[in-house]
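Chains, contacts and geometry: an overview
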Amino acid sequence: MAVRAVRGAIQLDLDDRDHLLAGTTELVKQVLEQNGFAVEDLISMLFTATPDLHSEFPALAARELGIVDVPLMCAQEIDVTGAMPRVVRLLAHVETLRAKNEIQHVYLGGAAALRRDIAQ
């Protein structure tokens, strides 16, 4: 087993609690599904949100998915002029047999423009 990091992001349409939780839920599910990870593989997850998102903590979506024994943390993304608005980012650390080049990073919606080189 190795420790690997997997990234993901989603751009939301608006800052609304239900919309933020639904988008973050989809992001977490896609990261797990596209990589064949189980909750037991997770070591930790860090979520960031751009400063224009403040309706809810993105980590709540992971908790509501049943990810309860994994350390989660939320932070605010750096407020860079001209940066893409309304983005939730995820960095998860996992235990896996996958090689680094087999990890699927997930960028959904408008966030695909952040990493065109690795977005699905």
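Residues numbered from 1 in each chain as written. Predicted model: local features only at pLDDT ≥ 70, side-chain atom pairs only at ≥ 80, totals over all residues. Heavy atoms only, no water.

Quick look at the pairing of strand β3 (residues 72–76)
Direction of pairing for strand β2 (residues 42–49) relative to β3: parallel, over a ladder of five bridges. Bridging from a neighbouring strand, T48 pairs with A75 of β3. With helix α2 (residues 59–64) bridging β2 and its parallel neighbour β3, the resulting β-α-β unit is right-handed. (Pairing = 2+ DSSP bridges. Helix = DSSP H or I, 4+ residues; strand = E, 2+ residues; numbered from the N terminus. Right-handed = clockwise from strand over helix to strand, strands pointing away.)

As for the pairing of β2
The side chains of a regular strand alternate between both faces of the sheet. Summarising the sheet, β2 and strand β4 (residues 87–96) pair through seven bridges and their orientation is antiparallel. From the neighbouring strand, L42 faces β4, where its bridge partner is V94.

Observations regarding the UniProt feature "binding site: prephenate" (unreviewed entry) in the protein
Feature annotation in UniProt assigns "binding site: prephenate" (unreviewed entry) to the following positions: R7, R89 and Y107. Sequence-wise these annotated residues cover 101 residues; spatially they are packed, their C-alpha atoms never more than 8.9 Å apart. Assignment of secondary structure puts R7 in strand β1 (residues 2–11). In this structure, R7 is in contact with R89, L90, L91, H105, V106 and Y107, ignoring residues within four places of it in sequence. Turning to its location among the elements, R89 is positioned in strand β4. Exposure remark for R89: the relative accessible area of 15% places this residue in the buried category. Those residues in contact with R89, other than ones at most four positions away along the chain, are R7, G8, A9, L46, F47, T48, T50, E77 and L114. (UniProt positions renumbered as here; feature names shortened; annotations may be inferred. Contact = heavy atoms within 4.5 Å. Buried < 20%, exposed > 50% of the residue type's maximum accessible area, 1.4 Å probe, protein only.)

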